[in-house]
Amino acid sequence: MAYDKFNILTSSAVPLPIENVDTDQIIPARFLKATERKGFGDNLFRDWRYNNDHSEKKDFVLNNPMYSGRILVGGKNFGSGSSREHAAWAVYDYGFRCVVSSFFADIFRNNCLNIGVLPVQVSPEFLDKIFRAIEADPNTLLEVNLPEQTISIKATQDQESFDINAYKKANMLNGFDDIDYLLNIKEQIREFAGDRPL
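Everything quoted here is computed from the prediction, not taken from an experiment.

Here is what the cut-offs are and how they apply
- Residues numbered from 1 in each chain as written.
- Predicted model: local features only at pLDDT ≥ 70, side-chain atom pairs only at ≥ 80, totals over all residues.
- Heavy atoms only, no water.
- Phe/Tyr/Trp six-rings, centres within 6.5 Å; stacked < 30°, edge-to-face > 60°.
- Pairing = 2+ DSSP bridges.
- Helix = DSSP H or I, 4+ residues; strand = E, 2+ residues; numbered from the N terminus.
- Axes fitted to C-alpha atoms, helices over the stretch in contact; angles between N-to-C directions.
- Contact = heavy atoms within 4.5 Å.

Peer 1: Is there a simple way to think about the packing of aromatic side chains in this case?
Peer 2: Ring pairs (aromatic) are described by centroid distance and by the angle formed between their planes. One pass over the full model with this rule turns up 8 aromatic pairs. Pairwise contacts between aromatic rings join Phe-45, Trp-48 and Phe-60 into one cluster.

See below:
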């Protein structure tokens, strides 16, 4: 499934300064029956967002109109727990294109990269700077520059670099998933196969 190309994202951010956010909190298991990637955003952090009567929990950040944007800033060890790819689907479907944390669970990180959500791992010190900047001004803008592999706080110009696999980076810049990548080089694959004896 092709997705939006990711180049430079400048956006306000939603702060979630909670450590060890696992995939069952991101998308509870009872919502995993669907096999298409659509609709999961409605249930992102479902048990934190809604009461049993489906009314909103006013104290949860996604229900606070002060905070919005396409960047989610989470605490350390974001995306731990089971390997459900639906967690990344829910993040994408809600509208986030980037998640920032000081540490990601490996499987969640890869699931995000496979569908067009950029996981940006920063130092604990830089993460704290981001949280403090958003607390001081909820409209604080972050700039995530994928070609340069940097993230910056626009108001202060504080900046840090982040790592990303070169293959995944190229795919995100082009809006490709793994199948799109193969389809894009199908002529090269055909030529390579043609040069090989049966």
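Peer 1: Just checking my understanding: could you explain the sheet that holds strand β8 (residues 158-161) for this structure?
Peer 2: What holds strands together in a sheet is hydrogen bonding between their backbones, with the strands either parallel or antiparallel. With antiparallel pairing, 4 strands are arranged side by side in an open sheet as β1-β6-β7-β8. This sheet does not close on itself; its edge strands, each paired only once, are β1 (8-11) and β8. The average angle at which neighbouring strand axes cross in this sheet is 10 degrees, direction not considered. Bridge analysis of strand β6 (residues 142-145) against strand β7 (residues 150-153) gives 4 bridges, and the strand direction is antiparallel. Residue pairing in the sheet places Val-144 in a bridge with Ile-151 of β7. Seen against the sheet, helix α5 (residues 124-136) touches β6, β7 and β8 and runs at an angle of roughly 35 degrees to β7.

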